[in-house]
Amino acid sequence: MTESRTVRAARGSTLTARNWQSEAALRMLHNNLDPEVAERPEDLVVYGGTGKAARDWASFDAISGHLTELEDDETLLVQSGKPVGLLRTHEWAPRVLIANANLVPDWASWEEFRRLEALGLTMYGQMTAGSWIYIGTQGILQGTYETFAAVADKRFGGSLAGTLTLTAGLGGMGGAQPLAVTMNGGVALVVECDAARARRRLDTGYLDRLATDLDDAVRRVDQARRARQALSVGVLGNAAEVVPELLRRGVEVDIVTDQTSAHDPLAYLPAGVDVAEWAGYARAKPEEFTERARESMAAHVAGMVGFLDGGAEVFDYGNSLRGEARLGGFERAFAYPGFVPAYLRPLFCEGKGPFRWVALSGDPADIAATDRAVLELFGDQPGLARWIAMAGERVAFQGLPARICWLGYGERHRAGLRFNEMIASGELSAPVAIGRDHLDCGSVASPYRETECMADGSDAIADWPLLNALVNSASGASWVSLHHGGGVGMGRSIHAGQVCVADGSELAARKLERVLSNDPGMGVIRHCDAGYERAERTAAERDVRIPMRGD
Ligand code: NAD
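Calculation criteria
Per chain, residues are indexed from 1 in the order of the written sequence. Local features in this predicted model are restricted to residues whose pLDDT is 70 or higher, and side-chain atom pairs enter the listing and the counts only when it is 80 or higher, whereas totals over whole chains, interfaces and linings include all residues. UniProt positions are given in the numbering used here, feature names are shortened, and annotations may be inferred rather than shown by experiment. What counts as a helix is a DSSP run of H or I of at least four residues, what counts as a strand is a run of E of at least two, and both are numbered from the N terminus. An expected span of 1.5 Å times one less than the residue number is assigned to each helix. For two strands to pair, DSSP has to find at least two bridges joining them. Residues are scored as being in contact if the C-beta atoms we place from backbone atoms lie within 7 Å. With axes taken as lines fitted to C-alpha atoms, and helix axes fitted only over the stretch in contact, angles between N-to-C directions fall between 0 and 180 degrees. Put simply, a residue is buried when 20 or more other C-beta atoms lie within 10 Å of its own C-beta and exposed when 12 or fewer do; between those, it is partly exposed, and each C-beta is set from the backbone. Residue ranges for the domains trace back to a domain assignment, done automatically or taken from a database. In the scheme used here, Gly and all other residues not listed as nonpolar or charged are polar, with Ala, Val, Leu, Ile, Met, Phe, Trp, Tyr, Cys and Pro taken as nonpolar and Asp, Glu, Lys and Arg as charged. For this entry, the nonpolar core is defined as buried Ala, Val, Leu, Ile, Met, Phe, Trp, Tyr and Cys residues connected by C-beta atoms within 7 Å. For this classification, under 35 degrees means roughly parallel, over 145 means roughly antiparallel, 65 to 115 means roughly perpendicular, and everything else is oblique. Working rule for handedness: look at the near helix, and if it is turned counterclockwise from the far one by less than a right angle, call the crossing left-handed; if clockwise, right-handed. In this description, one arc is meant: the one made by directions from the helix axis to the C-beta atoms.

In the nomenclature of an unreviewed UniProt entry, the chain is known as Urocanate hydratase of Haloechinothrix alba. The UniProt entry for the chain carries the following comment under Pathway (unreviewed entry): "Amino-acid degradation; L-histidine degradation into L-glutamate; N-formimidoyl-L-glutamate from L-histidine: step 2/3." Regarding the chain, the relevant UniProt record gives this comment under Function (unreviewed entry): "Catalyzes the conversion of urocanate to 4-imidazolone-5-propionate."

If you want it as structure tokens, here you go:
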């Protein structure tokens, strides 16, 4: 199915579809596959191992064609990346409804998924790949920046200056790690096995240096750490070998995490396997490859636990590495926590999460104007103000210009309405697509990640993402998606996404007001239901109505 064609979203304020909602979906689908954005556009792979935007090129063409023709009372159904139905609905209904990679729980394994995928029946959508709201590495950069800022607050007096973070993986998501660490003032050493991935991060300014070998890397990071200088250094190697080796050498590491594609054992390179042999070997002998990958992950995590035992701050960064390492035979894999219970859950209790928007004009000036608007609205939050300023200076746009920042319940709809006004008044040159990651406060059930260690033990309850998708469909979102397996792999997560479009119209304002309230509202409701006091406070202060509470 590999095909060498170049896809790029249309720019400007002229419609190629019949309305801005379909136009936005079309531009965002195309943008996901822009070579500046996607990791392997020729295979329709956007990020996250094999997260795809459409099942195959024929489906991509058919979806594009239907979006161009879609009326504003019609809805396109997309089943795992393939268009399967066109329905008459109404103007408040989503223009596109998407379900990706969903399997009945007893069948929800990678083996069964791959069997069905080989038959051409399904597709892995990751989170924002199959729901057409991936914005390149910036999306994760902000979340990673927040996470490292929380680490700094918890352990290092509010800054990472003078600390060394050891991690691995410089892919679509993982590539954000070095810049997020340096933005927090720290030093990062990142292990990556694929030279092309490392060079890409160097070229886009996310990584400062690529070391010639491990000795060179250790020398550079040691120096920077001692001088309290922010610096990121990549080193080529296999994390399953390099992490234990650094432990053996007694290198002083303060923080350890990982963002290789461990959620899919075929996307984690086993020690002793050459990058050039990777794809062929995984295809030819998936079971043997999986076994070797899991053994390697066990060695990798054993190294991380060694650093934990030595007093380092160690956390799982949402890729299932601990689960796979345990399957690989390492009993203490869960000795360290996931990043959500460790740092992010209090934010989820306030309905906070990764709010993002994309200038469909393609004009960076539109994002600069929205940055100013966000600062006017929320500039009194120091972390947010610092992020928007740094992002404006240091984030290179990939594909259509976009911005992300974390906003909570009661905030997101204000931003959406402000953008809508700016479009109506001509301050922005074209409409804006407003969406989010599925990694959000009320849209995901993922017991190894977003819902790890819930206060009431409800980690695996998956009614919440289903309700979230229904709520967004009922509230006026432009497209809504329901996926399985994102982030942590098959059988381990169910999650939903939404995108709504600000086009300056009165109708868009009414939809934005509802969607951007009800969607984060689900986060407050979900965490209230689990018994979090902070969520209860948010609900009381911001008037989120919850039955059977306090009466
Ligand atoms: P990716 O596939 O684009 O990149 C993974 C990188 O890991 C690749 O560059 C690969 O070469 C490298 N790698 C694989 N095995 C290795 C090994 N043994 N040693 C060194 N490098 C190795 O994936 P991505 O988009 O960067 O995502 C990384 C992981 O993070 C995935 O598991 C994804 O599901 C998860 N994820 C986390 C979050 C979060 O918020 N924390 C969000 C989304 C996804």
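Next, the rest of the story.
**Student:** What am I meant to see in helix α10 (residues 286-309) here?
**Tutor:** Residues that lie three or four places apart on an α-helix share one face, since the helix turns once every 3.6 residues. With 24 residues, α10 should reach 34 Å at 1.5 Å per residue; the first-to-last C-alpha distance of 34 Å fits that figure. Following α10 by one or two positions, Gly311 adopts a phi angle in the positive range, close to 105 degrees.

**Student:** Would you take a moment to explain the UniProt feature "domain: Urocanase Rossmann-like" (unreviewed entry) in the chain for this structure?
**Tutor:** Here the UniProt feature "domain: Urocanase Rossmann-like" (unreviewed entry) sits at residues 136-343. A helix fraction of 50% and a strand fraction of 11% characterise residues 136-343, whose end C-alpha atoms lie 24 Å from each other.

**Student:** It is not clear to me how the sheet that holds strand β10 (residues 255-256) should be interpreted in this structure. Could you clarify?
**Tutor:** Sheet strands pair by backbone hydrogen bonding; their relative direction is either parallel or antiparallel. Reading across from one edge, β8-β9-β7-β6-β10-β11 is the order of the 6 strands in this open sheet, with parallel pairing throughout. Two strands close off the open sheet at either side, each with one partner strand: β8 (209-210) and β11 (313-314). Where strand β6 (residues 164-168) and β10 come together, 2 bridges link them in parallel fashion. Bridge pairing in β10 places Leu166 opposite Val256. Sheet contacts for helix α6 (residues 195-203): β7 (187-192), β8 and β9 (231-236); angle to β9, the most-contacted strand, approximately 160 degrees.

**Student:** Just checking my understanding: could you explain unusual backbone geometry for this structure?
**Tutor:** One can expect most non-glycine residues to show negative phi and most peptide bonds to be in trans. Notably, Leu44 is not glycine yet its phi reads approximately 65 degrees, a positive angle. In this structure, Leu44 sits in the loop between α1 (20-32) and β1 (45-47). Despite not being glycine, Ser80 shows a phi value in the positive range, around 40 degrees. Locating Ser80 in the fold gives a position in the loop between β3 (74-79) and β4 (82-88). On the basis of neighbour counts, which here come to 25 C-beta atoms within 10 Å, the residue Ser80 falls in the buried class.

**Student:** Just to check I follow, could you spell out the UniProt feature "active site" (unreviewed entry) in the chain for this structure?
**Tutor:** Following the UniProt record, one finds the feature "active site" (unreviewed entry) at Cys405. With 23 C-beta atoms counted inside 10 Å, the residue Cys405 sits in the buried group. What Cys405 contacts, discounting residues up to four positions off in sequence, is Gln142, Phe355, Val374, Leu384, Trp387 and Ile388.

**Student:** Got a minute to help me understand the pairing of strand β16 (residues 479-484) in this structure?
**Tutor:** Across a regular strand the side chains alternate sides, sitting on one face of the sheet and then on the other. Summarising burial for β16: 6 of the 6 residues are buried, a large majority. Burial of the side chains of β16 extends over both faces: Trp479, Ser481 and His483 are buried on one face and Val480, Leu482 and His484 on the other. Bridge analysis of strand β5 (residues 96-100) against β16 gives 5 bridges, and the strand direction is parallel. The residue bridging Val96 from the neighbouring strand is Trp479, located in β16. Here β16 runs beside strand β17 (residues 494-502); their pairing, made up of 6 bridges, is antiparallel. Looking across to β17, one finds that His484 is bridged to Ile494.

**Student:** Quick question: what am I supposed to make of the domain arrangement of the chain here?
**Tutor:** Interfaces are often sized by the accessible area lost when the parts come together. When the domains of the chain are assigned, the result is domain 1 (154-339) and domain 2 (343-542). Domain 1 and domain 2 are separated by 29 Å when their C-alpha centres are compared. On the domain 2 side, the residues contacting the 11 residues of domain 1 number 11 residues. Taken together, the residues that form the side of domain 1 that touches domain 2 break down as 2 nonpolar, 8 polar and 1 charged.

**Student:** I keep staring at the nonpolar core and nothing clicks. Help me out?
**Tutor:** By size, the foremost hydrophobic cluster in this structure holds 163 residues, and its most contacted members are Val301, Val358, Val432 and Ala433. No fewer than three residues from each of domain 1 (154-339) and domain 2 (343-542) sit in this core. Among residues more than four places away in sequence, those in contact with Val358 are Met28, Ile135, Leu400, Ala402, Val432 and Ala433. Ala101, Phe113, Tyr124 and Met490 belong to the second-largest nonpolar core, a separate cluster that totals 5 residues.

**Student:** What is the right way to look at the packing of helix α13 (residues 364-378) against helix α15 (residues 412-424) in this model?
**Tutor:** Helix-helix packing is described using two parameters, namely the angle between the two axes and the distance between the axes. Where α13 contacts α15, the axes come no closer than 10 Å and their chain directions differ by 135 degrees. As far as their axial angle goes, α15 and α13 are oblique. As α13 packs across α15, the resulting crossing turns out to be right-handed. Contacts from Ala369, Thr370, Ala373, Val374 and Leu377 in α13 reach Arg414, Ala415, Arg418, Phe419 and Met422 in α15. Classifying every residue of the contact of α13 with α15 by side-chain character gives 7 nonpolar, 1 polar and 2 charged.

**Student:** Where do I start with helix α14 (residues 382-394) in this structure?
**Tutor:** Over its 13 residues, α14 runs 18 Å from end to end, which matches the ideal 18 Å to within 8%, given 1.5 Å per residue. Among the residues of α14, those classed as buried are Leu384, Trp387 and Ile388. In an axial view of α14, the angular spread of the buried residues amounts to 95 degrees, which keeps them on one side of the axis. Facing away from the buried side of α14, by more than 90 degrees, are the exposed residues Pro382 and Glu393. Against α4 (138-155), α13 and β13 (402-407) lie the buried residues of α14.

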